[in-house]
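# Coordinate analysis (summary)
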Amino acid sequence: MLDACAELLDETGYEALSTTRIAERAGVAIGSVYQFFPDKRAITQELTRRNVEEFVRRVDRRFLEEDYRGWWEAVDAIIDVYVDMHRKVAGFKSLHFGDAVDLNLLDSDSDNNTVIAGRLRGLFLKEFGLADSPSLDLAVLVAVEAGDAVLKLAFRRDPDGQPEMIDAAKQMIRGFLARQLKALPPVR
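In what follows, the accompanying structure is described. (Residues numbered from 1 in each chain as written. Predicted model: local features only at pLDDT ≥ 70, side-chain atom pairs only at ≥ 80, totals over all residues. Heavy atoms only, no water.)

## Points about the overall build of the protein
- Summing up its helical and strand segments, the protein has 9 helices and 0 strands in all.
- Starting at the N terminus and walking to the C terminus, you meet the elements of the protein as α-α-α-α-α-α-α-α-α.
- Counting the 188 residues in the protein, one finds 45% classified as buried.
- A sequence separation of at least 24 residues applies to 61% of the contacts in the protein between residues at least 6 apart.
- For the protein, the exposed surface amounts to about 9,800 Å²; the carbon and sulfur share of it is 50%. (Helix = DSSP H or I, 4+ residues; strand = E, 2+ residues; numbered from the N terminus. Buried < 20%, exposed > 50% of the residue type's maximum accessible area, 1.4 Å probe, protein only. Contact = heavy atoms within 4.5 Å. Areas by Shrake-Rupley, 256 points an atom, 1.4 Å probe, with all protein chains shown as cover.)

Put into structure tokens, the structure is as follows:
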């Protein structure tokens, strides 16, 4: 059902999505859909959760498989994962991290990008020994928000993501974080 929902989102968008169309595409009775999901919003929320978990898994896997000379290469790798999922994972380009459906989907107290920033911040702390501080939290959150906005623009201009805009997002985030991280207190 989630796969059917993802395909339909990419084909017709959220407004045209219905539980009936999802059931038809999935080849199940409408009652089966309602057994697990009360409405289309609940299905898209679960699809978003799945996409976020897949994003985190892919980033974790890259961190395990690849050695980075520094956090700046890790930033590029994270953006590359986002771009790859936008191009290849059904439903991702329609939902991203749930902004089209629910800004507080992943955590009732924090918006989705704040949750993503927290997970990425954790990776940076673990992998690069950065000092934990409110300044680091703010820097990563601003980088996630800015990167998200520029990457969405890249895909609005080109279905595969305008390459120059993707490169600009990487440069912007690296430059911003470089300035912010220099100002952080040293690790003790």
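## Thoughts on helix α7 (residues 112-128)
- With 17 residues, α7 ought to run about 24 Å at 1.5 Å a step, and its terminal C-alpha atoms sit 24 Å apart, in line with that.
- Of all the positions in α7, only Asn112, Asn113, Val115, Ile116, Ala117, Leu120, Arg121, Leu123 and Phe124 are classed as buried.
- Here the buried face of α7 lies against α4 (40-65), α5 (71-88), α8 (134-157) and α9 (163-182).
- The positive-phi residue at the C-terminal boundary of α7 is glycine 129, with phi of around 60°. (Expected span 1.5 Å × (residues − 1).)

## As for the environment of lysine 40
- You can see lysine 40 is positioned in helix α4.
- For lysine 40, a relative accessible area of 19% translates into the label buried.
- Separated by 21 residues in the primary sequence, lysine 40 and threonine 19 have C-alpha atoms spaced 5.6 Å apart.
- Each residue touching lysine 40, except ones within four places of it in the same chain, is listed here: Tyr14, Glu15, Leu17 and Thr19.
- Among the polar contacts listed, one links the side chain of lysine 40 to the backbone oxygen of tyrosine 14, at a separation of 2.8 Å. (Polar contact = N/O pair within 3.5 Å; in protein donor to acceptor, adjacent residues only side chain to side chain.)

## Overview of the packing of aromatic side chains
- On inspection of all chains with the given rule, the structure shows 3 aromatic pairs.
- Residues tryptophan 71 and tryptophan 72 carry aromatic rings whose centres are separated by 5.8 Å and whose planes lie at 80° to one another, so their mutual orientation is edge-to-face.
- Owing to a relative accessible area of 13%, tryptophan 71 belongs among the buried residues under this scheme.
- Its relative accessible area of 37% is what places tryptophan 72 among the partly exposed residues.
- Above the plane of the ring of tyrosine 14 lies lysine 40, whose end atom (NZ or CZ) is 4.3 Å from the centre. (Phe/Tyr/Trp six-rings, centres within 6.5 Å; stacked < 30°, edge-to-face > 60°. Lys NZ or Arg CZ within 6 Å of the ring centre and 35° of its normal.)

## Observations concerning empty space enclosed by the protein
- Overall, the coordinates contain 1 cavity of 30 Å³ or more when judged by the stated rule.
- Of the volumes computed, that of the largest cavity is approximately 250 Å³.
- Residue lining of the largest cavity: 18 residues in total, with Ile78, Ile79, Leu120, Val144 and Ile173 positioned closest to the centre.
- Split into classes, the residues belonging to the lining of the largest cavity amount to 15 nonpolar, 2 polar and 1 charged. (1 Å grid on protein atoms, 1.4 Å probe; cavity = no way out; pocket = protein on both sides within 12 Å on 5 of 7 lines; lining within 4 Å. Points joined across faces, edges and corners; volume = space filled by probe spheres on them. Nonpolar A, V, L, I, M, F, W, Y, C, P; charged D, E, K, R; others polar.)

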